Amino acid sequence: MTSATPERTIRVVTLYDDVMNVYADRGNLIAIEARAAEHGVGVDVLSVSLGDPLPEDADLVLIGGGQDREQRRVADELAARGPVLRAWAAAGTAMLAVCGGFQLFGRWYRDASGAELPGAGVFDVTTIAPGPGAARCIGDILASAEVDGVWEVVGFENHAGRTYLGPGGRPFARVEYGRGNNGEDGTEGAIFRNAIGTYLHGSLLPKNPALLDWLIVAALHHRYGEGSPRAQIEPRPAPYAERAHAASAAVARRRSPKFEPVVK
Amino acid sequence: MVAATARSTVRERAALILGRAAGTAARRLGRGGGTALPGLVAGALAPSLLERLARQMGQGVVTVTGTNGKTTTTHLIAAILRAHGVQPLTNPSGSNLERGLVAAYVEDAEADGRIANAPSRVGVFEVDEAVLARLFPRLTPRVAVFLNLFRDQLDRYGEVDSVGEGWGGMLVSAAPDCTLVLNADDPSIAQLSAGTRARVLTFGIDDPHARLAQAEHASDARFCRCGGRFAYEAIYMGHVGIWRCTSCGERRPLARISARQVELSPEGSRVDVDMDGASITLDLPMAGLYSVYNALAATAAAHALGVPASTIARALAEAGPAFGRQERFEVDGRTVRVLLAKNPAGLNELMRALIAGSPEGEPIHLLAMLNDGVQDGQDVSWIYDADIEALAGRSVTVTCSGDRADDFALRWHLAGVDPAAVVPDTEVALDDALRRTPPGARLDVVATYTAMIDVREALARRAGMGAYWEKAER
Ligand SMILES: [Zn+2]
């Protein structure tokens, strides 16, 4: 850790982290704080929960997963904040929405009871939770990210909902081992500018250091502008993270089904 | 309770014989003691064996469920019953699915399917929380103990809420002569008392000094079933404490088995308990506040079965650890203590006990083992919900091991405690950790379930003890 006062800082907003945190999503924030410190970047974290106002702006937004009950609690308020979040995303704010948070960052989510929850609309995706009896998508997952310099991402997925990309939707990654958005089309998550939605937890960022650096750079670009010297970081090794990544990737290759597209 | 007198069917008897043969064969092959195999074989041949077992227990059946503490609490209830002169029938440690219960029956039954002295015996079974809803109507327990509900192995259970909902549905049809032993301090347990005709006996802690300085991360029941948010006068662990709902006003019920004063020490605890008006002092040989909860639950269950307070206190003071739960081994001049940790709440409590055990900041020597088998939870993300940061800034030497040693090492690194070594192999890691522990000092092994089995076997061999199935209690 560097002890010098960093001359650059990113503002991270965590959304509903006391409600939506079912799969160790806090690990993503822990990783951002530790890695940013290694790069000499300060992190100013603002936790925004139910009823709290959103700040003027954010460089990086995090939202985690929740059970149906928790998603119902935040859905209306999150949907009402949709216009602000969409404007932020359009202006290049980095975002990471995981699992239930990804579903609610889509257009809408129909839960297992049939109730339709409105989404924030950051991603052009819709999600339908099949009724009881349908298998959850559970297991190790390995996918190749459609993000420059990120390549392979690893994590664990555990979701009932099946997510489908709309005409304006682009996948975050292509599934190699595991199920992804719906188990049918091989897509995993969604990406819009610097905003990423995904089913991967694990926690995701600690053991995907390339993605972690990509998000930190995106947040710096948003804060200082792409050309600014303060928005640049030097490549740095991340030995613990790289070994954990390799171990998780080996487990996914050994234990999860190689993705085969469903022919309808 | 009426003991079953009907003779077992031919099919059931054949199933018992084949199940027992399977257990013997497994042991001869040295395959992990075969604790579940006899039940698997016999249960598949005669699904009615579970009912046959339950109906024979003349003094009824006790079930113990919850995320953390099942094995220890079951062990303690059995110890109290023995001290009371009642021979319990219990399932092998941790084998808490239907096959584990049937295995206990297979091992104990006579050739004709009868259990010796059945009219005077009690069945004491730990039951997996996801399986209880199905087994409850078949076991018709006299006493059903509910310890706590934390996030655990979400890859297997799906969501925490669905486990609680399954219990709620099952208790609607509980018999009026069944006693539910409920943890008053865990709102998701205490709220099970609504909508049941069964009797309720609550236990809890009423000592504000035992509270946490700040809330832990691994807190699951933040919201009441009415949708309101819980507020806490005191939090003892996770979401367990003196709670009330800020919306509907429901609050933590009065605990009839209440710990008025709790003193924790590195080696054990001393607890003053109000028991339906009577006072007893429990001297517990196990460390940690979670051990206090297990002892209170066992006390409540024994009270519901009519065991006198003095017998309970005596039995708890003399009870040894359950399998792999704070068991100690002497190896190479070091004391090695084995601690099972398989979910965030459990790991948090272990770390709290470790810190309490080194009040002056003495060095803590750890072997931290993370496996990702089905019994451990294939999803290892839970390590990020545990507050490992609590150990940062202390003098901690940790060797990371297990199938997911690299994932664990990364977690410790991010918590500010860089591992001294990362060694997946159990034997090599044990050598490494022992070497880093000075002679005379204690090495604490924190391990998930299958890692605990592995390391315990290695330790038992080095300490000259037999494998666990050779001394398993019945
Ligand atoms: Zn309420």
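Anyway, here's the lowdown on the structure attached to this text. (Residues numbered from 1 in each chain as written. Chains lettered and ligands numbered in written order. Predicted model: local features only at pLDDT ≥ 70, side-chain atom pairs only at ≥ 80, totals over all residues. Heavy atoms only, no water.)

1. Digging into the overall build of chain A
So, step 1. The helix and strand inventory of chain A stands at six helices and 14 strands.
So, step 2. On C-alpha atoms alone, chain A measures out to a radius of gyration of 17 Å, which is about the 18 Å that the 2.2 N^0.38 rule sets for 264 residues.
So, step 3. In terms of overall dimensions, chain A has a C-alpha envelope of 55 × 45 × 30 Å along the principal axes.
So, step 4. Counting all 264 residues of chain A, 60% fall into the buried class.
So, step 5. Taking the intrachain contacts of chain A between residues at least 6 apart in sequence as the baseline, contacts between residues at least 24 apart amount to 72%. (Helix = DSSP H or I, 4+ residues; strand = E, 2+ residues; numbered from the N terminus. Rg over C-alpha atoms; globule rule 2.2 N^0.38 Å. Buried < 20%, exposed > 50% of the residue type's maximum accessible area, 1.4 Å probe, protein only. Contact = heavy atoms within 4.5 Å.)

2. Examining the nonpolar core
So, step 1. Core analysis: the largest hydrophobic core is formed by 90 residues, its most contacted members being B:Val145, B:Ile205 and B:Trp412.
So, step 2. Here the element with the most residues in this core is helix α10 (residues 289-304) of chain B; it accounts for 11 residues.
So, step 3. Leaving out residues up to four positions away in the same chain, B:Trp412 has contacts with B:Leu366, B:Ala368, B:Ile388, B:Leu391, B:Val398, B:Cys400, B:Val417, B:Asp418 and B:Pro419.
So, step 4. Grouped together as the second largest cluster of nonpolar side chains are 69 residues, A:Val61, A:Ile63, A:Ala94 and A:Val150 included. (Core = buried A, V, L, I, M, F, W, Y, C linked by side-chain atoms within 4.5 Å.)

3. A short note on the side chain of B:Thr448
So, step 1. Looking at the secondary structure, you find B:Thr448 in the loop between β17 (442-447) and α15 (449-462).
So, step 2. Discounting chain neighbours no more than four positions away, the residues touching B:Thr448 are B:Leu340, B:Ala341, B:Met369, B:Leu370, B:Asn371, B:Asp376 and B:Trp382.

4. Some details on the sheet that holds strand β13 (residues 190-192) of chain A
Residues and elements named next belong to chain A.
So, step 1. Across the sheet, which stays open at both edges, the six strands sit in the order β2-β1-β3-β4-β14-β13 with mixed pairing between neighbours. Strands with a single pairing partner mark the edges of an open sheet, and in this sheet they are β2 (42-48) and β13. Ignoring strand direction, the axes of neighbouring strands in this sheet form an average angle of 15°.
So, step 2. The sheet contact formed by strand β1 (residues 9-15) and strand β3 (residues 60-63) spans four bridges and is parallel. Bridged to threonine 14 within β3 is leucine 62.
So, step 3. Packing against the sheet, helix α5 (residues 209-224) makes contact with β1, β3, β4 (94-98), β13 and β14 (195-198), and its axis sits at approximately 110° to β1. (Pairing = 2+ DSSP bridges. Axes fitted to C-alpha atoms, helices over the stretch in contact; angles between N-to-C directions.)

5. Focus on the environment of B:Met237
So, step 1. Within the secondary structure, B:Met237 is located in strand β7 (residues 230-237).
So, step 2. Expressed as a C-alpha distance, the spacing of B:Met237 and B:Gly43, which sit 194 residues apart in the sequence, is 38 Å.

6. Quick look at the side chain of A:Glu157
Residue and element names in this part refer to chain A.
So, step 1. The residue glutamate 157 is located in strand β9 (residues 152-159) in this model.
So, step 2. The buried charged residue glutamate 157 lacks any salt bridge partner; its closest oppositely charged side chain belongs to arginine 179, at an N-O distance of 4.5 Å.
So, step 3. Side chain to side chain, glutamate 157 and histidine 159 meet in a polar contact 2.9 Å long.
So, step 4. Not counting residues up to four positions away in its chain, the partners in contact with glutamate 157 are Cys137, Ile138, Gly139, Ile141, Gly178, Arg179, Gly180, Tyr199 and His201. (Lys, Arg positive; Asp, Glu negative; His and termini not counted. Salt bridge = Lys/Arg side-chain N within 4 Å of Asp/Glu carboxyl O. Polar contact = N/O pair within 3.5 Å; in protein donor to acceptor, adjacent residues only side chain to side chain.)

7. Some words on the coordination of the zinc ion
Residue and element names in this part refer to chain B.
So, step 1. Taken together, the protein ligands of the zinc ion are Cys224 (SG), Cys226 (SG), Cys245 (SG) and Cys248 (SG), with distances of 2.2 to 2.4 Å.
So, step 2. Sequence spacing of the donors to the zinc ion: C-x1-C-x18-C-x2-C.
So, step 3. Residue class for cysteine 224 comes out buried when judged on its relative accessible area of 1%.
So, step 4. Residue classification places cysteine 226 among the partly exposed residues on the basis of a relative accessible area of 40%. (Donors = N, O, S within 2.8 Å, 3.2 Å for Na, K, Ca; no water.)

8. Quick notes on the pairing of strand β13 (residues 334-340) of chain B
Residues and elements named next belong to chain B.
So, step 1. Of all seven residues that make up β13, seven are buried, and the element is covered over most of its length.
So, step 2. A two-sided burial pattern is seen for β13, the buried positions comprising Arg334, Val336, Val338 and Leu340 on one face and Thr335, Arg337 and Leu339 on the other.
So, step 3. Sheet analysis places strand β12 (residues 327-331) next to β13, joined by five bridges and oriented antiparallel. Each bridged residue has a counterpart across the sheet, and for valine 331 the counterpart in β13 is arginine 334.
So, step 4. Once β12 ends, the chain turns through two residues before running back antiparallel as β13, passing aspartate 332 with a positive phi of about 50°.

9. Concerning the sheet that holds strand β10 (residues 162-165) of chain A
All names here are of chain A.
So, step 1. Read from one edge to the other, the open sheet built from four strands follows the order β6-β5-β7-β10, with strand pairing classed as mixed. Because the sheet does not close on itself, it has two edges, and the strands there are β6 (116-118) and β10. Between one strand and the next, the sheet's axes are offset by a mean angle of 20°, whatever the strand orientation.
So, step 2. In terms of strand pairing, strand β5 (residues 108-110) meets β6 through three bridges, oriented antiparallel. Along β6, the bridge assignment pairs arginine 110 with glutamate 116.

10. Concerning the environment of A:Asp140
So, step 1. Relative to the assigned elements, A:Asp140 resides in strand β8 (residues 137-145).
So, step 2. On the accessibility criterion, A:Asp140 (4% relative accessible area) is buried.
So, step 3. Residues A:Asp140 and A:Val154 lie 14 residues apart in sequence; the distance between their C-alpha atoms is 7.6 Å.
So, step 4. Discounting chain neighbours no more than four positions away, the residues touching A:Asp140 are A:Gly155, A:Phe156, A:Tyr177, A:Gly178, A:Val251, A:Ala252, A:Arg255, A:Ser256, B:Gln378 and B:Arg404.
So, step 5. A distance of 2.9 Å separates the side chain of A:Asp140 from the side chain of A:Arg255, its partner in a polar contact.

11. What about the interface of chain B and chain A?
So, step 1. At the interface, 33 residues of chain B touch 36 residues of chain A.
So, step 2. Carbon and sulfur atoms make up 49% of the area that chain B and chain A hide from each other, which totals about 3,100 Å².
So, step 3. B:Asp387 is paired through a salt bridge with A:Arg26; the nearest N and O atoms lie 2.9 Å apart.
So, step 4. At the surface where chain B touches chain A, the tally comes to 11 residue pairs in polar contact (both at pLDDT 80 or more).
So, step 5. Those elements that provide at least two residues to the side of chain B that touches chain A are α7 (154-157), α8 (160-171) and α13 (405-414) of chain B.
So, step 6. Of the residues belonging to the side of chain B that touches chain A, the class tally is 11 nonpolar, six polar and 16 charged. (Buried area = accessible area lost by both parts, 1.4 Å probe. Nonpolar A, V, L, I, M, F, W, Y, C, P; charged D, E, K, R; others polar.)

12. Some points on the packing of aromatic side chains
All names here are of chain A.
So, step 1. For the structure shown, the criterion picks out six aromatic pairs over all chains.
So, step 2. Their ring planes at 40° and their centres at 6.4 Å tell us that phenylalanine 105 and phenylalanine 123 sit as a pair that is tilted. Pair noted here: phenylalanine 105 is in the loop between α4 (100-104) and β5 and phenylalanine 123 is in the loop between β6 and β7 (125-128), with a separation of 18 residues, a long-range link.
So, step 3. Looking at phenylalanine 123, the relative accessible area reads 2%, which means it is buried.
So, step 4. Put simply, the rings of Phe102, Phe105, Phe123 and Tyr199 pair up and form one aromatic cluster.
So, step 5. Over the ring of tyrosine 240 we find arginine 243, and its NZ or CZ is 5.6 Å from the ring centre. (Phe/Tyr/Trp six-rings, centres within 6.5 Å; stacked < 30°, edge-to-face > 60°. Lys NZ or Arg CZ within 6 Å of the ring centre and 35° of its normal.)

13. Quick notes on the packing of helix α2 (residues 68-80) of chain A against helix α3 (residues 82-90) of chain A
All names here are of chain A.
So, step 1. Closest axis-to-axis distance for the α2/α3 pair is 4 Å, and the angle between their directions is 60°. Relative to α3, α2 is oriented oblique. Contact residues: Leu78, Ala79 and Ala80 in α2; Gly82, Pro83 and Leu85 in α3.
So, step 2. In terms of residue class, the contact of α2 with α3 is made up of five nonpolar, one polar and no charged. (Parallel < 35°, antiparallel > 145°, perpendicular 65-115°, else oblique.)

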